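Fold and geometry: a report
Spelled out, the chains give:
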Amino acid sequence: MTPPVLDGPVRRSARRKAMPPIRFKDSPESVNTHSKKMKTPDIKNKSQRNREDIKDDCTSDGDGDGGLSAYELERLENIRQNQAFLSSMNILQAMEELKQSTRPKPSQRGLMRSHAAVKEVLPARKSLRLLNIKAETLTLPPEPSGKLTYTPYLSLKHPAGPLPMNAVNMEQGSKLPSQLLELCSEDSTTERKMDLKLKEYCSALKIMRITEDTVAKVVKERVFSVAFHPCTSSLLMATGDMGGHLGLWKLGGDWGDDGVLLFRPHTRPVSCLAFSRVQPTHLLSLSYDGSLRCMDVEKAVFDEVFIEDDLRTFDFLSHDCSTLLVGNWNGEVAIVDRRTPGNSHESLHSLDPKTLRCVSVHPLQKQYFAVAENSVVSIYDSRCLKKNHSQAVSTLQGHSLSISSAYFSPRTGNRVLTTCLDNHIRIYDTSAMTAESPLLTSIGHNMRTGRWLSKLSAVWDPKQEDCFVVGSLSNPRRVEVFHESGKRLHCFKDDENLKTVQSVTAFHPTRNALLGGNSSGRLHVFTDGDENQNMRP
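Computed from a predicted model, the values in this text were never measured in an experiment.

Relative to the 27 Å expected for 19 residues at 1.5 Å per residue, helix α4 (residues 70-88) spans 27 Å between its end C-alpha atoms, a close match to the ideal helical length. Glu 72, Arg 75, Leu 76, Asn 78, Ile 79, Asn 82 and Leu 86 are the residues of α4 that are buried. Looking down the long axis of α4, one finds its buried residues gathered within 155° of arc, a one-sided arrangement. Opposite its buried face, α4 presents the exposed residues Ala 70, Ser 87 and Ser 88, each directed more than 90 degrees away. One or two steps after α4, the chain reaches Asn 90, where phi turns positive at roughly 55°.

Moving on, we come to the packing of aromatic side chains. In total, this model carries 8 aromatic pairs according to the counting rule given. Between Phe 224 and Tyr 288, the aromatic rings sit 6.2 Å apart at their centres with planes inclined by 85°, giving edge-to-face as the arrangement. Of this pair, Phe 224 sits in strand β3 (residues 223-228) while Tyr 288 is found in the loop between β8 (282-287) and β9 (291-296), placing the two residues 64 residues apart along the sequence. Relative to Phe 468, the ring of Trp 460 has its centre 6.1 Å away and its plane inclined at 85°; by these criteria the two rings are edge-to-face. Under the relative-accessibility criterion, Trp 460 is labelled buried at 8%. Taken together through their ring pairs, the aromatic side chains of Phe 224, Tyr 288 and Trp 329 make up a single cluster. A cation over a ring is seen here: Arg 451 above Trp 452, with NZ or CZ 4.5 Å from the ring centre.

So, on to the confidence of the model for the protein. Summary statistics for the protein give a mean pLDDT of 84 and a share of 80% for residues scoring 70 or more. Scored below 50 in pLDDT, residues 532-537 makes 17 contacts in the model with residues more than four places away or belonging to other chains.

Quick look at the sheet that holds strand β14 (residues 347-350) now. Each strand in a sheet pairs with another by means of backbone hydrogen bonds, the pair being arranged parallel or else antiparallel. Read across the open sheet, the 4 strands follow the order β11-β12-β13-β14; overall the sheet is antiparallel. Only two strands of the sheet have a single partner each, and these edge strands are β11 (311-316) and β14. Neighbour-to-neighbour, the strand axes of the sheet open up by a mean angle of 20°, direction not taken into account. With 5 bridges connecting them, β11 and strand β12 (residues 323-328) associate as antiparallel partners. Looking at β12, one finds that Thr 313 is bridged to Gly 327.

To continue, consider the nonpolar core. Counting residues in each nonpolar core, the largest one holds 22 residues, and the members touching the most others are Leu 180, Leu 248, Phe 263, Leu 273, Leu 283 and Met 295. Counting only elements with at least two residues in this core, the list comes to α6 (178-184), β4 (236-241), β5 (246-250), β6 (260-263) and β7 (270-275). Apart from residues lying up to four places away in sequence, Leu 273 is in contact with Ser 225, Val 226, Ala 227, Ala 238, Thr 239, Gly 240, Leu 246, Leu 283, Leu 284, Ser 285 and Phe 314. Formed by 19 residues, the second largest nonpolar core is a distinct cluster that contains Phe 228, Leu 235, Met 237 and Leu 523.

With an omega of -10°, the peptide bond running from Asn 475 to Pro 476 counts as cis. Along the chain, the position of Pro 476 falls in the loop between β24 (467-471) and β25 (479-483). Phi at Cys 321 takes a positive value of approximately 60°, unusual for a residue other than glycine.

Let us look at the sheet that holds strand β19 (residues 403-408). Taken in spatial order, the 4 strands make up an open sheet running β19-β20-β21-β22, and their pairing is antiparallel. A strand with exactly one partner marks an edge of an open sheet, and here the two such strands are β19 and β22 (439-444). On average, each strand axis in the sheet is tilted by 15° relative to the strand beside it, whichever way the strands run. Pairing of β19 with strand β20 (residues 415-420), which is carried by 5 bridges, proceeds in the antiparallel orientation. Residue pairing across strands places Phe 408 opposite Val 416, the latter belonging to β20.

Conventions used here
- In every chain, residue numbers begin from 1 and rise along the written sequence.
- Residue-level local features of this predicted model are given only where pLDDT is at least 70; pairs of side-chain atoms are given and counted only at 80 or more, and the full residue set underlies all totals for whole chains, interfaces and linings.
- Only heavy atoms go into the side-chain values, all of them from the structure, while hydrogens and water stay out.
- Note on conventions: DSSP H or I runs of at least 4 residues are helices, E runs of at least 2 residues are strands, and numbering of each starts at the N terminus.
- Here the expected length of a helix is defined as 1.5 Å per residue gap, with one fewer gap than residues.
- For each residue, the accessible area found with a 1.4 Å probe, counting protein chains only, is set against the maximum for its type, and the residue is called buried under 20%, exposed over 50%, and partly exposed in between.
- This arc describes the spread of directions from the helix axis toward the C-beta atoms.
- Only centres within 6.5 Å qualify two rings of Phe, Tyr or Trp (six-membered ring in Trp) as a pair; their planes then separate them into stacked at under 30 degrees, edge-to-face at over 60, and tilted for everything else.
- For a lysine, the NZ atom is tested; for an arginine, the CZ atom; a charge sits over a ring if that atom is within 6 Å of the ring centre and within 35 degrees of the ring normal.
- A score between 0 and 100, pLDDT records how confident the predictor is in each residue.
- We call two residues in contact whenever any of their non-hydrogen atoms come within 4.5 Å of each other.
- Strand pairing is defined by DSSP finding a minimum of two bridges between the two strands.
- Lines fitted to the C-alpha atoms define the axes, with helices restricted to the stretch that makes contact. Angles between their N-to-C directions range from 0 to 180 degrees.
- Think of a nonpolar core as a cluster: buried Ala, Val, Leu, Ile, Met, Phe, Trp, Tyr and Cys residues, connected wherever their side-chain atoms sit within 4.5 Å.

Below, the structure is given as structure tokens:
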């Protein structure tokens, strides 16, 4: 059987011949509806490629306009409208604005960031097996014989004796600015005698603002303590960090790094700072390294005041600030007289065998002091202390967890403000010094800072007998001021310049100024902007 001849004409279906080629037409309405979902890149290149492909497939039934069909002309018009629509949306401009609106960098004022040392480039490691080199035979060390010896850990400490005030962020051998001594020597003994009315006090808080110029990096690590110098002509602040550094910052100053001077009188966290009210050139600092030092700006040295292991906190026990009450982690308090030669205590008393976190001396009756013990605050009389098992004059009950701090009210001492890890701030009435002081107010406040933030601690405003300030973990970040009744008087917030938790806070003793420190060593200052006047009476 012979195969059929295939050279003849091929028969095609009439139905297929009659049907025009199927083309999908882009609807302008659908393009405009979904234009926001279209991708903008390479629209022009893609349309040009499609135009060239369609030109090749164009039939002769076009209208003669460059060989393009009516469909292709309508499609090009749709593309042009889409491009015009995307251009009107300003997508590129929106992208640039989005990049600029990302989280701003922290304030670059204050300490300059140290450049990391260039690492040595080591040769690449190669396999000895691939290089056909025989590996070295390693022999195990002999087994130890005899008993294991334990070497106790010895923390690094500065040598005994006074340390010179050499600023870390200045050239070696540089002297302290003369303006610092003039500022610290300023007579600031005048204080307001009357507290503001609550309405006037709230009005004073509302005019306080924070700006980019009032934020600066003052220390290198996490802030542990802060203090305002009592001078009124300028704002001078001190802070201690986790690494033993002590920073001084004059707002608007021109010495050091934007008015910042950095020292390192300690080797471990500086947990407590206080300026002497009688000698404002003296700044006392206590550290976990077991040293209590006095920064004397006039002598330009850090003098040793008291040396003992496991120090935690201190307060002035006399009106002339010559006698100190020092507490340690072992539940002991020591009475230290700065006028006595040497660096030892006058007497040592054991109070709580577990721990002791804060001491606060009564502002008027200096013989009374409050101690934040394990889960109770006790008030003792320094005249009746024994070496062991001293009897408390009054106790403040109601805490279920550890107590971070306890402070007498600044003017009368009729209130005690406590901060507890059970997420409550409490105010007690201590005007009568009864065996158990009554609880006046309990305020719920989140205290779960974790291990990377300093513990929150509520502190009184020294200008106001019944108001206190505390940091907050809430978002947006804030600092809150409360009345002793539990009413929140004001909330300091700023989306641009306050973006971190202010764990440590303090009010200026006479001016409209609030200070907060965070975990990166930056200080944030809220002020009314008045550099020449005290808080209005």
